[in-house]
Amino acid sequence: MEKARYSLADLAGVVPHLEDYLYKIFEGLLDGIKDSDSSLLEQIIHEWAQIESENQISPIKINLVLVWTNLLDVTCETLQNQLEAAEYVRLCAVLIPLFSRALREASAADLKNKLWFAENELKRVRQTLERVEGSKSDFISVAAHELRTPLTLIEGYTSMLREAMPTEDSRRLQAALCLKGINSGTRRLRDIVDDMIDVSMIDNNLLALNFQPIWLNRIFESVQREFQSTLTERKHDFQITLFPGSKDMIFGDGERLFQAFRNITANAIKYTPDGGRIVIDGRILPGFVEVIISDTGIGIDPDQHTRIFEKFGRLGSVALHSSGKTKFKGGGPGLGLPITKGIVEAHGGAIWVESDGYDEVKCPGSKFHIMLPVRKSPPNDRAAQFFLSKE
Ligand code: ADP
């Protein structure tokens, strides 16, 4: 007992009532020697393992296999010193199988404990992640709503100022210039606030779609119209391929889908050096239509193909961002793709990107795939009644 206690001295502060346990173990060994039954030992091992997990002691600190190999060493050494060789061998013949069974149990208990701790740790990390995600979402929602009020004030006073413009020509020109600046600043801020509100709605499953008959080719044309001057300025070649199905009527939220295709196209323009090529193409699949928007831009590292669809998942340095909506690499806050993903998924679709990698010299380009279900009627009953009764 004493030698055992000495060899396991490290555990004295960790395991409560270590001596009691050691006493029980030797009692169990004595019992086992008498009737070759290891069940008492197994019970002690289980009790010990239980105490470990209840106390949340790290499994690395207490390794039951190590405890039992120590006990085996101490026991054999003591017996060898105190017994005649023949008696020692006879006792070992009974003891070794007992220890071997105990070691098997100890190893199983260690494994179980490690799993238990790993699961707990995973649960803890998952809870922390959920909390972080929740506070990120709360922050976006609160910030967006707080920003909206002063923004509305600025917009209101700007339009009042416009009406109260001086009539004198030179002063009028100066004031008009200032107003133009305020206007573009507030529009940009309004876009960001709207994006923040959209993201928080998507996060909280509050994005309500207004299903109406839509034609994808018309949405693509509106996107082209929206960016026409930028495309000319940036010397990009923009093409819409009218693939089979693109002119067919389907049900979807036209405004939200326009927003989604506008975001992808804005990115294609932003992340492609001047004089690039952007193509909207697609194909019809059973029950789905797949739209593919490809560009000849800087591309995206395969490691980042999932991350870019996460909130604030913009790549590159923050310092280089927010320089403009369509300027080369003029990244925004990184909300465009998460919103696009939210819109596409709310339609029952999917979005993913294909790109060989990121290379600003070779420009491998990116291909964004958007899969949308071909709906021949709106999914909700009320909208269905409205449209179908008109047919
Ligand atoms: P951002 O406001 O930064 O453009 P997005 O959510 O729209 O945010 O995009 C996230 C990130 O994905 C971008 O910062 C950019 O690094 C990358 N990205 C998106 N589209 C493209 C593209 N067509 N080519 C290269 N990189 C892209």
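This structure is a prediction, so every number in the text was calculated from the model and none was measured.

(A) Seen up close, the nonpolar core. Leu216, Phe261, Val291, Ile293, Phe368, Ile370 and Leu372 are the most contacted members of the largest nonpolar core, which totals 48 residues. Counting residues per element, this core draws most heavily on helix H8 (residues 254-270), at eight residues. For Val291, the residues in contact, after removing those within four places along its chain, are Leu216, Phe220, Phe243, Phe261, Ile280, Asp281, Gly282, Phe368, His369 and Ile370. Judged by nonpolar contacts, the second largest core, of 32 residues, contains Leu18, Tyr21, Ile44 and Leu98.

(B) Local environment of the domain arrangement of the protein chain. Domain assignment breaks the protein chain into domain 1 (1-206) and domain 2 (212-383). Using only C-alpha atoms to locate each centre, domain 1 and domain 2 end up separated by 39 Å. Between domain 1 and domain 2, the buried area comes to about 1100 Å², and carbon and sulfur atoms account for 64% of it. For the pair domain 1 and domain 2, the number of links is three salt bridges. The salt bridge partner of Lys311 is Asp203, with a shortest N-O separation of 2.8 Å. Our enumeration of links across domain 1 and domain 2 arrives at four residue pairs in polar contact (both at pLDDT 80 or more). Mapped onto the side of domain 1 that touches domain 2, the elements with two or more residues apiece are helix H5 (85-163) and helix H6 (169-203). No other element matches the nine residues that H6 contributes to the side of domain 1 that touches domain 2.

(C) Highlighting the packing of aromatic side chains. Enumeration over the complete set of coordinates arrives at five aromatic pairs. Between the aromatic rings of Phe309 and Phe368, the centroid separation amounts to 6.2 Å while the plane-to-plane angle is 70 degrees, which identifies the pairing as edge-to-face. With Phe309 in the loop between strand S5 (288-295) and helix H9 (336-346) and Phe368 in strand S7 (residues 366-373), this residue pair connects regions lying 59 residues apart in the sequence. The buried category is assigned to Phe368, whose relative accessible area is 5%. Of the aromatic side chains, those joined through ring pairs into one cluster are Phe220, Phe243 and Phe261. We note Lys24 situated over the ring of Tyr21; from NZ or CZ to the ring centre the distance is 5.6 Å. It is Arg218 that lies over the ring of Trp215; its NZ or CZ is 4.3 Å from the centre.

What counts, and at which threshold
- Residues numbered from 1 in each chain as written.
- Predicted model: local features only at pLDDT ≥ 70, side-chain atom pairs only at ≥ 80, totals over all residues.
- Heavy atoms only, no water.
- Core = buried A, V, L, I, M, F, W, Y, C linked by side-chain atoms within 4.5 Å.
- Buried < 20%, exposed > 50% of the residue type's maximum accessible area, 1.4 Å probe, protein only.
- Helix = DSSP H or I, 4+ residues; strand = E, 2+ residues; numbered from the N terminus.
- Contact = heavy atoms within 4.5 Å.
- Domains from an automatic or database assignment.
- Buried area = accessible area lost by both parts, 1.4 Å probe.
- Salt bridge = Lys/Arg side-chain N within 4 Å of Asp/Glu carboxyl O.
- Polar contact = N/O pair within 3.5 Å; in protein donor to acceptor, adjacent residues only side chain to side chain.
- Phe/Tyr/Trp six-rings, centres within 6.5 Å; stacked < 30°, edge-to-face > 60°.
- Lys NZ or Arg CZ within 6 Å of the ring centre and 35° of its normal.

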